[in-house]
Amino acid sequence: MSEKKVKIEVTDGASIPDSQDPSMFNAWWVSFIGAIGMIAYLVISKPDPYRNILLFVPDGIIVTFEVTICSIIGALIIGLFTGLGRISSNKFINLIASTYVEVVRGIPLLVQLFYIYYAMGRVLQVQDMLSAILAMSVCYGAYMGEVFRAGIESIDEGQTEAARSLGFSKRETMFLVILPQAWRTILPPVGNEFIALLKDSSLVSILAVADILRRGREFAAESFQYFETYTMIALLYLLITLILSKGVSHMEARLNHYDR
Amino acid sequence: MLKKIIVALMLTIFTAFPAMAGSKAPVVTIASDCTWPPMEFVNKDKQIVGFSVDLMKACATAAGYDVKIKNVAWDGIFAGLAAGKYDAICSSVTINEKRKKVMDFSAPYFEVQQSVVTNKDSNAKTLDDFKGKNIGAQIGTTGYFAIKTVEGVTPKSYDEIGLAMEDLYNGRISAVVCDDPIAADFALQQADYAKRLKIAFTVKSDKAEYLGVAVRKGNTEILSLIDKGLAAVRADGTYDKIKAKWFGSN
């Protein structure tokens, strides 16, 4: 008749640390303050190369932003239609969307850029910025399409059945019931794609588009200060990416807020 | 089986090393950006060939050393020299004051001018006639520095001169500036380009422009080898033979 003591621990569920740690000592703040501090330190302590580099690249930063933002919009639109096409019951639409994903996913972005700009150049007379945006949108549209498809498929079939029996049309069911719910699953991977796209936008410098990387390379080619230039370029990209990732996690936080 | 392969590999390495060490002649590694025909480029058989390649090989024979030519992208070719990845650069490098501060140059081996390639229907006579238009050149070349100084022209820098030429042919830019032998090769030798493109004029400069072999600052050992070779090939007429081979008799 010995008593067994059972210890019961009461917790608030799995102890996964909150990714939105509000303290200043999370990874985001450390990187952000580190990057800004590093740039400020370099510019003040060694203005000779570093300040000159910083003054040389601003128009490149604007170009990088232009390419990134336009490509994100393009990729989202292409991605949405590809995702819908991939789950379409219409075999023809399904085949087109699937083939597009297979082909684009199998060719490196750098090769696609060369192809659209230089190889197709004799037929397709588009300007450098436009072909850069076109290639980036087409490439990332395929990846986004897969994200959209997975997000839509993650919503329980019961939702569709319920909406349909309430008299919603197929299109209304998709845009009013399924997509608003799927958006929550879709957003984190889409945010990742945004950041990857921003970094890959450096590849458009191959098309003589004067983005951050090309401006930096022009500076380095003339001054021979490769170490200093690429240090500054790396820090600038890091800073921009950090700002973008903060924006994405804010959006996620807002969606989760409505969830509770 | 794997053991056998490893043993075989080891044997080859051990026998190969003394064989290499056996030849006393020093080996000079030279970097070239082989996208610059006819000075240095990769031919249909994937061989690195060209005027400067032949010249470097002739110099090596004359001065008693061996050369190994490495194909290196232009963007970063000087960084590689500073980092000690190769001994010298022979890649149509123009000798100028800015470059002299960070590297040493051999005796000049060729004189160039900057040529402007444009469409046949253009009647531009100077770079100023391209106001409001795009002009392309290879990044970090004297051609690019020349167009950067022109007011009202949008300079575009390409990784390779061939890409700039293709863009000119496709009509996205109005002209390309590069060394005259390269301009001649692209505009006159390539059938497609020759139909539409021409060398319009050369950029006027108050100073003559010479190409030289660049070495790390203070590397007198390699420099003296190359200079000795250059002097020897000029003296015995090999230089003129190589020049005639790549540029014709004139």
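Just above sits the structure.
Calculation criteria
- Residues numbered from 1 in each chain as written.
- Chains lettered and ligands numbered in written order.
- Predicted model: local features only at pLDDT ≥ 70, side-chain atom pairs only at ≥ 80, totals over all residues.
- Heavy atoms only, no water.
- Helix = DSSP H or I, 4+ residues; strand = E, 2+ residues; numbered from the N terminus.
- Buried < 20%, exposed > 50% of the residue type's maximum accessible area, 1.4 Å probe, protein only.
- Contact = heavy atoms within 4.5 Å.
- Salt bridge = Lys/Arg side-chain N within 4 Å of Asp/Glu carboxyl O.
- Pairing = 2+ DSSP bridges.
- Phe/Tyr/Trp six-rings, centres within 6.5 Å; stacked < 30°, edge-to-face > 60°.
- Disulfide = S-S within 2.5 Å.

Draft legend 1. Here's a closer look at the side chain of Asn170(B). Summarising the element assignment, Asn170(B) is placed in the loop between helix H6 (161–169) and strand E12 (175–179). Assessed through its relative accessible area of 3%, Asn170(B) is described here as buried. Leave out the neighbours within four places in its chain, and Asn170(B) touches Tyr117(A), Tyr118(A), Gly121(A), Arg122(A), Gln125(A) and Arg196(B).

Draft legend 2. Structural context of the pattern of salt bridges. Evaluated as defined, the whole model comprises 18 salt bridges over all chains. Of the charged contacts, one joins Glu97(B) and Lys100(B) as a salt bridge, the two residues approaching to 3.8 Å between their closest N and O atoms. In this pair, Glu97(B) and Lys100(B) both sit in helix H4 (residues 97–102), three residues apart, roughly one turn of the helix. Classification of Lys100(B) by relative accessible area gives partly exposed; the value is 38%. With a closest N to O distance of 2.9 Å, Asp167(B) and Arg172(B) form a salt bridge. You'll find Asp167(B) and Arg172(B) in the same group, each marked buried. One connected set of salt bridges, linked through shared partners, spans Arg86(A), Glu102(A), Arg105(A), Glu146(A), Arg149(A) and Glu153(A).

Draft legend 3. Structural view of the sheet that holds strand E3 (residues 40–42) of chain B. Residue and element names in this part refer to chain B. Read from one edge to the other, the open sheet built from three strands follows the order E2-E3-E4, with strand pairing classed as antiparallel. Edge positions in the open sheet fall to strand E2 (35–36) and strand E4 (48–49), since each of these has one partner strand only. Sheet topology note: the E2/E3 ladder contains two bridges and is antiparallel. Counterpart to Thr35 in the pairing with E3 is Phe41.

Draft legend 4. Seen up close, the packing of aromatic side chains. Tallying each qualifying case throughout the model produces 18 aromatic pairs over all chains. Aromatic pair Trp28(A) and Phe32(A): ring centres 4.7 Å apart, planes at 10 degrees, arrangement stacked. Linking Trp28(A) with Phe32(A), this pair stays in helix H1 (residues 27–45), spanning four residues, or about one helical turn. Like Trp28(A), the residue Phe32(A) is buried in the burial classification. Centroid distance Phe41(B) to Trp246(B): 6.0 Å. Interplanar angle 90 degrees. Geometry classified as edge-to-face. Note that Phe41(B) is positioned in strand E3 and Trp246(B) in helix H10 (residues 238–247), a separation of 205 residues in sequence. By relative accessible area, which is 18% here, Phe41(B) ends up buried.

Draft legend 5. The arrangement of the state of the cysteines in detail. The tally for this structure, following the rule as stated, stands at zero disulfides over all chains. In this model Cys70(A) remains outside any disulfide bridge; the closest cysteine sulfur is found in Cys139(A), 17 Å from its own.

Draft legend 6. Here's a closer look at the pairing of strand E1 (residues 27–32) of chain B. Residue and element names in this part refer to chain B. Burial analysis of E1 places five of its six residues in the buried class, which makes it a mostly covered element. When E1 meets strand E6 (residues 88–94), the two strands line up parallel, connected through two bridges. Along E6, the bridge assignment pairs Ile30 with Ala88.

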